[in-house]
Amino acid sequence: MTPHAPHAPYADPAAGAAVKAADRAHVFHSWSAQGLIDPLAVAGAEGSYFWDYDGNRYLDFTSGLVYTNIGYQHPTVIAAIQEQAGRLATFAPAFAIEARSEAARLIAERTPGDLDKIFFTNGGAEAVENAVRMARLHTGRTKVLSAYRSYHGATSTAINLTGDPRRWPSDNGSAGVVRFWAPFLYRSPFYAGTEAEECARALQHLEDTLAFEGPSTIAAIILETIPGTAGIMTPPPGYLAGVREICDRYGIVFVLDEVMAGFGRTGAWFAADHFDVVPDLLTFAKGVNSGYVPLGGVAISAEIAATFETRPYPGGLTYSGHPLACAAAVATIGVMEDEKVVENAARIGETVLGPGLRELAERHPSVGEVRGLGAFWALDLVRNRETREPLVPYNASGEANAPMAAFGAAAKKQGLWPFINMNRTHAVPACNVTEAEAKEGLAALDIALAVADEHTV
């Protein structure tokens, strides 16, 4: 690709200091104790890399927040945004706009089954909010089931559906949210020894939960097709099909959250494609336009769309289907097709990342398990392989999190920006990452994991 910024970073510490000072004075950061953070001042980015004002370049193994699926500053998408801005920079959502219509068409062509209607939002949390609203209105029921070890967003309903500790400070008990355990063999809540056992027992647990909650009171079950931030736990064969059957039996709407796993991340357009399952509603965001302009949405089945054919849908957003965001989506999908980005993610996962991460696990006692596919991988780091005790306690902070902090610092010293959550590090580079870049990341992880090994017993 043609660079839009110097590929070799240049140093300008004074400019970096000014950026940092303004940030510290005025920016209020997400998920942070404001006085305890030290954000890196970023000078530029291109492809799989970004750099700071001191001239340090980093291979981004986080893809931003797992959204730059085609990397930073792709010239085709930048040009499309510029062209759209020159032609029609913005317009209200009640009108038919070419970029919006074309983005919806291209997304609908790639979603599984009959998910052919697209409701646009500004991001993933709003997509989840609206999917749940649609399910409740369609069924006339209130309760929604979601899994522990999940993340669905930070807006009111989405954060209460979330199954990780980020929910706790805002857990006001949104009406009708019930959580259950999804399958995760490595840390099985069902004492299973095989994937088949884990699948069967997880489905029975879900059936039991439904029985005690009352199936006729449940509007929807929402699952991340493959949970992302919570640990990239690929469901065992048959599980999602089993959930689909349960939903059909009780008239429950099945919602798959593909905000992180969609648009090529797993080596398929959508992770649901790996399991031959079609949900009733599918949420998306992030990779739909590589995060270049905020965009998310809900792909809606024909049956649920029919509910609102003559009955108004009571929801909307000022910037729903924003022309700049939709133009970026059209261009991104085109790039993914033309450059075979989805196929690249599948190939890199099968031939480089998967084998390379498993080879690291053989040599590093801190690696308990390797999980993933495509450009979507996790290393579960442990203190003891036999007991599977996590390298740091659940939701650790401060001194308790020191081993993971040391690992992260070691990775950055090697020029790798790692994705770290609790006791895990995720390998989630751009989906068009090259073989050489993936191997560069593996080599840096190899050195950083030696630091994690020092905390094993």
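Counting from 1, residues in each chain are numbered in the order their sequence is written. The predicted nature of this model means local features are confined to residues of pLDDT at least 70 and side-chain atom pairs, given and counted, to a pLDDT of 80 or more, with totals for whole chains, interfaces and linings taken over all residues. Hydrogen atoms and water are omitted, and side-chain values are computed over all heavy atoms in the structure.

Q: Before we move on, can you summarise the side chain of Arg371 with the specific residues and values?
A: Put simply, DSSP H or I for four residues or longer makes a helix, DSSP E for two residues or longer makes a strand, and each gets a number counted from the N terminus. Looking at the element boundaries, Arg371 is found in strand 11 (residues 367-373). With a 1.4 Å probe rolled over the protein chains alone, any residue whose accessible area is under 20% of its type maximum counts as buried; one over 50% counts as exposed, and the rest are partly exposed. Arg371 gets classed as buried once you look at its relative accessible area, which sits at 7%. Contacts described as polar in this section are N or O atom pairs within 3.5 Å, which, within protein, must combine one atom able to donate a hydrogen with one able to accept it, while residues neighboring in sequence count only if both atoms come from side chains. Reaching out from Arg371, the side chain makes a polar contact with the side chain of Glu369 at a distance of 2.8 Å. Side chain to side chain, Arg371 and Asp380 meet in a polar contact 3.1 Å long.

Q: So what's going on with helix 13 (residues 435-453)? Residues and values would help.
A: One full turn of an α-helix is made of 3.6 residues, so residues set three or four places apart face in the same direction. In a regular helix each residue adds 1.5 Å, so 19 residues correspond to 27 Å; helix 13 covers 26 Å between its end C-alpha atoms and thus fits that length. All buried positions along helix 13 are accounted for by Glu437, Ala438, Gly441, Leu442, Ala444, Leu445, Ala448, Leu449, Ala452 and Asp453. Helix span is expected to be 1.5 Å times the residue number reduced by one.

Q: Before we move on, could you go through the nonpolar core and cite the residues and values that matter?
A: The term nonpolar core refers to a set of buried residues drawn from Ala, Val, Leu, Ile, Met, Phe, Trp, Tyr and Cys, joined through side-chain atoms within 4.5 Å. Of all hydrophobic cores here, the largest spans 39 residues; its most connected members are Val77, Ile107, Ile118, Phe120, Phe263 and Phe284. Looking at this core, the elements with two or more residues in it are helix 3 (75-87), helix 4 (98-110), strand 4 (117-121), strand 9 (281-284), helix 10 (323-338) and helix 11 (341-363). Once you skip the residues sitting within four places of it in the chain, Phe263 turns out to touch Asn69, Ile107, Ala268, Trp269, Phe270, Phe284, Ala285, Gly287, Val288, Ile333 and Met336. Tyr239, Phe275, Leu373 and Val428 belong to the second largest nonpolar core, which has 36 residues in total. We call two residues contacting when some pair of their heavy atoms lies within 4.5 Å.

Q: For the sheet that holds strand 1 (residues 42-46), give the residues involved together with the corresponding values.
A: For two strands to pair, DSSP has to find at least two bridges joining them. If you walk across this open sheet you meet the four strands as 1-2-3-14, and the pairing is mixed. Two strands in the sheet have a free side with no partner beyond their single neighbour: strand 1 and strand 14 (416-417). In this structure, strand 2 (residues 49-52) lies alongside strand 3 (residues 57-60), joined through three bridges in antiparallel fashion. Bridging from a neighbouring strand, Phe50 pairs with Tyr58 of strand 3.

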